[in-house]
Amino acid sequence: MANIYDNAYDLEKAIRNSEEFQGLKEAYEAVMSEESAKKMFEDFRQTQITLQQKQMQGEEISEEEVEQARQVVELVQQHPQISTLMEQEQRLNTVINDVSQIITKPLEELYGNPEEPQQ
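In this numbering scheme, every chain counts its residues from 1 along its sequence in written order. pLDDT decides what is reported in this predicted model: residues at 70 or higher carry local features, side-chain atom pairs at 80 or more are listed and counted, and totals for whole chains, interfaces and linings draw on all residues regardless. Neither water nor hydrogens contribute to the side-chain values; these are computed over all heavy atoms in the structure.

Engineer: Summarise the overall build of the protein chain; cite the residues concerned and give the values.
Structural biologist: Along its length, the protein chain carries six helices and zero strands. Labels follow the DSSP assignment, with helices taken as runs of H or I lasting at least four residues and strands as runs of E lasting at least two, numbered in each case from the N terminus. Ordering the α and β elements of the protein chain from the N terminus gives α-α-α-α-α-α. What the globule rule says is 2.2 Å times the number of residues to the power 0.38, and the radius of gyration is computed from C-alpha atoms. At 19 Å, the protein chain has a C-alpha radius of gyration far larger than the 14 Å of a compact globule built from 119 residues. Viewed in the frame of its principal axes, the protein chain has a C-alpha envelope of about 55 × 35 × 20 Å. Accessible area of the protein chain: about 9600 Å², with a carbon and sulfur share of 51%. We treat Lys and Arg as the positive residues and Asp and Glu as the negative residues; His and chain ends play no part in the count. Where a charge sits is defined by one atom per residue type, namely NZ (Lys), CZ (Arg), CG (Asp) or CD (Glu). Charge separation in the protein chain, taken as the distance between the mean sites of 10 positive and 25 negative side-chain charges, equals 6 Å. For every accessible area listed, the method is Shrake-Rupley and the probe measures 1.4 Å; residues are considered covered only by the protein chains on display.

Take a look at the structure:
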């Protein structure tokens with residue numbers, strides 16, 4: 001029987017070599033190589049992190065913060081390189097979510113859907 005950790009490392013290697021990851025890497029490098037895009041992207045990421053931390057700590061997010069975040073998102077979506085980066089990130093996230101569903105399938109089959117009676 002194969003070592004599950006060896007399989008996990010093989011999966012990591014497959015993700016690194018995937019078209020989706022390579023596209024994300026190229027898009028990220030393009031953003032990081034242009035100073036204005038890099039700054040805009042870093043501001044966007046910091047806004048995301050700040051709001052996520054507030055949510056996780058149960059703090060209320062003000063209307064002002066929501067509006068500021070919306071403006072930052074609109075701005076980065078208009079930048080072609082950042083927009084491409086976000087698209088590539090979404091493609092890779094789709095692959096990772098699909099893989100996650102595949103590897104958790106044994107648990108789903110074992111426990112089943114709690115709303116469906118076991119046969």
